[in-house]
Every structure is written in C-alpha cells, then in structure tokens.
Amino acid sequence: MLHSSRATSGQGPKLTIGYDTETATPAPSGPLPFAIPSTATLRASERKVFAHYFTPYPISLNNRTGADDYYTKHYLTPTGESNKHLAYGGLLRDRPIPRGVLSGDWQLADMKQEIETAVEAGLDGFTVDVLSLTSAHWDRLNTLIKAADAVDPGFKIVLMPDMTSLKTDAATLAAAMAKLATAKSVYRLPDRRLVISPFKAEGQSAAWWTNFMKIMKDTHGITVAFVPVFLNFPSNAAAFAPISYGFSNWGNRSPAGQSGIASNIAKAHELKKIWMQPVSVQDERPNQGIYDEANNTENLRVTWEKSISGGADWIQLTTWNDFSEGTQFAPSVHNGGAYLDISSYYLTWWKTGKAPAITRDTLYLTHRTQFAAARPTSGTQTKFMLPRSGTSAPRDTVEVLSFLTRAATVKASIGGVEKTYAGQAGLQAKTFPLAYGTNKASVGAVTVTSPWQVKKDFTVQDLQYHAVSSGRK
C-alpha cells in the first residue's frame, strides 16, 4: 500500500475483514464482486456516466517520483509553496497514486492511463472543467482530448466551461469550443449536436447563452445541445428550459442533502429535459475550513440508489480528481480505487436495469484516522474544518461494506475488540464505533486490512474517509 508524505500518521495497527471458514465460498480472483459487462454492452445503453475531470490535479505535476514530486513537496505538507498552506495543514489530504519517472511525453501517457482506468470501470467519459482558454489548464484539456482520441475515441469528453473562472465574451468562448469540437472524442449526440454543459451556468443569463449558441451555429456551423449545471436548479429551471437539452446541478455531499434528487429528476422530465444526476463520495476542504459528513459510503450509495430509482438519464461523478475538495473517485493513496469499484457495481445496475449477481465475496472498509471533533496535538495548523450547515451530523464509525455470494459470519476487530455479525447475501453495510488502534475484519479466505491507524496524536486535521478493498491488494 502506498502512503502520503505524512505516512507516519497513516500507518500502524491494521483493519481486516473476513468470513467464517466453514460457510464462506472461496473468493475468485479479480477486484470486483461481480462480472462487469463488456465496454460495448455498457455503451449500448442510452444512460451515460461521466466523471468530472479537474485539470489542476493530473497524475503527476512534474514527472518525479512520489517522494520528490510536487504533491509531496508542496501540496501535502503545511510548509509547501513557501508556507502558503501553513494555517490549514497543507492544501491536500490525498493525492493520485505516485509513479516513477516516465520518458517521452509523460503528460500524455498519464492521461492515457486515466482514460484506461475510467474505461475499465465502465465510465462513458469525462466532463472536463474548462477553467481557462489559455495556460496549463487549457494545455491539459487538449492533452486529455488527444489521449482519448488515441486510447478510445468512444470514451467521450464533455466540454464544461467553468463560469466561476471564465471571464470572457460569448464569441471568444464559442471560438474555443468550436476548435475543441473537431476531435473525435469530444461528445456529440447521435444527431451530431455538440454537448456543452457549463458549470454554474447561471453565472451568465439565458439570453447570454442563447447568443453563444447562435454564434456557434452561425459562425462555426455547430448546433449545441445545452446541458447547464446549476448551483441552484429550482431558481433557474424555468428561464433556461427553452434553450436546454437537459439539466443538472452540482448537488450535495452528505446523506442529509439528498432528499431532493427524485423531485429534481421529475422536474426535468416534466420540462421534457434529460437529467444528469451528481453522484458523490464525500467533501472536505482544508483551505476553506469546511467539510461534509458522508457517513462512510452511505452518501455514495444513497446518491447512486436514488439516481436509479428516480430514473436519471445521465450521471456525473463529482469528481474524478478534485483533490482540493476531497471528492475524488480516481484511484488515490487513500482510496486505492475502492470508490470507483463500488460505483462500477451501481453503474452496471443502472445501465442494465438489474443489480448484477455477486460472483466473488468482496469487502470494502472505510473509516477516518481521527475522531471528527479532535484537533491536532502538535504541529502548526490554526485553521480547522467545521461541518457545513445542513450536513449530516458528524459521526465516528468504521464501516464494513460487504458483497457476499451467500450469508456468512463476518468477523471484525475494532480497536482490538473482536466483533462478529451475520453477513447477508448481496450488499450490506455494517458500522462500528471508531476506536484507536488496530481495525480489521475477515470472512473466510477473504480479508481486507486497513493500513491507516486511528490515532489520538496527530499533526494535521483530516476528516476524509479512507477506503480499502479486499479485491485490490
């Protein structure tokens, strides 16, 4: 298991999961608890799953080994970037999985790897946050498109102008989008309309966007299918309905904030629009001093399950790699790909219309490494994260999420105290109070061990849930 630059606070007693050896079925090889359908089968569905790609955090920023790269030297440490992040203990708490130095066009190679990972998980593409029409962010966007064209043009890039950062006129934005639209991988509907899905679309008026689409048509010969992503959907639905193919919102990151999913989908369908539902894991923002309580994997499961039951048309995983907000699905040091694996299960369910059969016993373990109300016992941090208003009540729990081929006794050791419970066939989540020290669980030959020790003494506040899977050693 790989560790971050603060590995001394993340190692120690282990958390393992397993089955009763007399009743459990031996676990077949493979990371997932089910047989994922082929890419062709999944893509045949009209339902699409995209992940929000954030260009500030590619796999590597300077092509160095993990111990010496920019993430380690500047983002994960409080003293990075000339003490810029000292007050809140560093910009990030997690990072992409480190790699060795690459030769040649390493940025293109990294993005090819990210696309291959997303395709393997069953995703249809990335919604790419267009932060700038110049600079490194623009260059990375173009490299990502080049990578998709090379690896798999069927993996689609959805253009998502970010209206919190783009301060430009409609003609300039249209020219930039038209230039990108020549690539095979940039997403168009079957009728060849180009999908444009701006983040915080209400940053400009419906009239402004009408003019943008007119310029796209009259000047560049491109008809746009407009899918605005709102921060406030109810307040903007009526004004944007006449010009939109679909709707979306940025959504919430806590179970307590997910009660409106069904009504949003219904409202979009009432207006004859598709709905792109955000699905999320969690959210913690050290530099903003705020976090959401995700309740282990509950927020992830709830957003997927309500998307399925509510009849969402598209899904946006929010996010693939925004490590500054702690929302990443992408394989990372602290999640190892577990959240993406869980999403592959729900994605298959949603696209095929039925929950996939469990073919291999698989266990996912999630927990924090510190109690929610705790504060660092040493170090320099002075700004701390507090719960966002309206979030679920903070809780301190270890969760065992099991996918079992049949019922079996699950054994766990939480803080050195042995536990057992009756594991059900299928999917089941079981929680235990968080405890200091060793955490582990097992069911027969299937085990999962968390390398992340729960500690009383630590130097940096970190309220994200760490995750580990029995399927990925």
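Residues numbered from 1 in each chain as written. Predicted model: local features only at pLDDT ≥ 70, side-chain atom pairs only at ≥ 80, totals over all residues. Heavy atoms only, no water.

1. Observations regarding the layout of surface pockets
Spelled out, the test is: The pocket and cavity definitions rest on a 1 Å grid over protein atoms only: a 1.4 Å probe that fits but cannot leave marks a cavity, an open set with protein on both sides within 12 Å along at least five of seven lines marks a pocket, and residues lining either have an atom within 4 Å of a point. Grid points are joined across faces, edges and corners, and a volume is the space filled by probe spheres set on the points. Side-chain classes follow a simple rule in which Ala, Val, Leu, Ile, Met, Phe, Trp, Tyr, Cys and Pro form the nonpolar group, Asp, Glu, Lys and Arg form the charged group, and the remainder, Gly included, forms the polar group.
Estimated volume of the largest pocket: approximately 530 Å³. Lining the largest pocket are 29 residues; nearest its centre among them are W250, R285, Q288, D322 and E325. Here the lining of the largest pocket is built from residues that sort into 11 nonpolar, 11 polar and seven charged.

2. Regarding the side chain of T327
Applicable threshold: Secondary structure elements are defined from DSSP: runs of H or I of at least 4 residues count as helices, runs of E of at least 2 residues count as strands, and each element is numbered from the N terminus. For every residue, the accessible area obtained with a 1.4 Å probe (protein chains only) is divided by the maximum for its type, and the residue is called buried under 20%, exposed over 50%, and partly exposed between those limits. Two N or O atoms form a polar contact when they lie within 3.5 Å of each other; inside protein one atom must be a possible hydrogen donor and the other a possible acceptor, and for residues adjacent in sequence the pair counts only when both atoms belong to side chains. By definition, residues are in contact when any of their heavy atoms lie within 4.5 Å.
Here T327 shows up in the loop between strand 12 (314-317) and helix 11 (338-352). A relative accessible area of 1% places T327 in the buried class. Of the polar contacts made by the side chain of T327, one reaches the side chain of T319; its length is 2.7 Å. Non-local contacts of T327, meaning those with residues more than four positions away in its chain, are made with R253, Q282, D283, T318, T319 and D322.

3. Some remarks on empty space enclosed by the protein
Inspection of every chain in the model, using the stated rule, returns two cavities of 30 Å³ or more. Roughly 40 Å³ of internal volume is contained in the second largest cavity. Along its surface, the second largest cavity is lined by T39, L42, R43, V119, G122, L123 and D124. Split into classes, the residues belonging to the lining of the second largest cavity amount to three nonpolar, two polar and two charged.

4. Structural notes on helix 6 (residues 170-180)
Three or more residues of helix 6 are buried, namely A170, L173, A174, A176, M177, A178 and L180. Looking at the packing, one finds that the buried side of helix 6 touches strand 3 (125-130), helix 5 (135-151), strand 4 (156-161), strand 5 (194-196) and helix 7 (206-220). One side-chain oxygen at the N-terminal end of helix 6 lies 3.1 Å from the backbone nitrogen of A171; it belongs to D169.

5. A look at the nonpolar core
For clarity, the threshold we go by: For our purposes a nonpolar core is just a set of buried Ala, Val, Leu, Ile, Met, Phe, Trp, Tyr and Cys residues, chained together by side-chain atoms within 4.5 Å.
Of all hydrophobic cores here, the largest spans 88 residues; its most connected members are L123, F126, M177, W209, F212 and W304. Among the elements that take part in this core, helix 11 stands out by supplying eight residues, more than any other. Apart from the residues lying within four places of it in its own chain, the contact partners of W304 are V49, V279, I315, L317, S343, Y346, L347 and W350. V410, A412, I414 and Y421 belong to the second largest nonpolar core, which has 18 residues in total.

6. Digging into the pairing of strand 13 (residues 362-367)
Going by this rule: Any two strands between which DSSP finds at least two bridges are classified as paired.
With six of six residues buried, strand 13 is to be regarded as a mostly interior element. Alternating positions in strand 13 separate into two faces, T362, Y364 and T366 on one and L363, L365 and H367 on the other, with burial throughout. As defined by bridge partners, strand 13 adjoins strand 15 (residues 397-404) across five bridges and the pair is classed as antiparallel. Looking across to strand 15, one finds that L363 is bridged to S402. Pairing of strand 13 with strand 21 (residues 466-469), which is carried by four bridges, proceeds in the antiparallel orientation. The partner of L365 across the bridge, within strand 21, is V468.

7. Focus: helix 7
Operational definition: Expected helix span is given by 1.5 Å per residue-to-residue step, counting one fewer step than there are residues.
Here helix 7 contains 15 residues, and its C-alpha end-to-end distance of 20 Å stays within 8% of the 21 Å for a straight helix at 1.5 Å per residue. Of the positions making up helix 7, those classed as buried are A206, W208, W209, F212, M213, I215 and M216. Here the buried face of helix 7 lies against helix 6, strand 5, strand 6 (224-226) and helix 8 (233-240).

8. Concerning unusual backbone geometry
Cis peptide bonds are those with omega within 30 degrees of zero, and the linkage from T318 to T319 qualifies with 15 degrees. Summarising the element assignment, T319 is placed in the loop between strand 12 and helix 11. A positive phi angle, close to 65 degrees, is found at K272, a residue other than glycine. Mapped onto the secondary structure, K272 falls in the loop between helix 9 (261-270) and strand 9 (274-279).

9. Brief notes about the packing of aromatic side chains
For clarity, the cut-off: Aromatic pairs are defined between Phe, Tyr and Trp rings, using the six-membered ring for Trp, whenever the two ring centres lie within 6.5 Å; interplanar angles under 30 degrees are classed as stacked, those over 60 as edge-to-face, and all others as tilted. By the criterion adopted, a ring carries a charge over it if an Arg CZ or a Lys NZ lies within 6 Å of its centre and within 35 degrees of its normal.
If you walk through the whole model with that rule in mind, you get 33 aromatic pairs. The interplanar angle of 70 degrees and the centroid separation of 5.0 Å between the aromatic rings of Y345 and F403 together place this pair among those described as edge-to-face. Of this pair, Y345 sits in helix 11 while F403 sits in strand 15, and the two are 58 residues apart along the sequence. In this pair, the class of Y345 matches that of F403, namely buried. Aromatic ring contacts, followed pair by pair, group W208, W209, F212, F226, F230, F233, F240, F247 and W275 into a single cluster. Stacked on the ring of Y421, the Lys or Arg K430 has its end atom at 5.7 Å from the ring centre.

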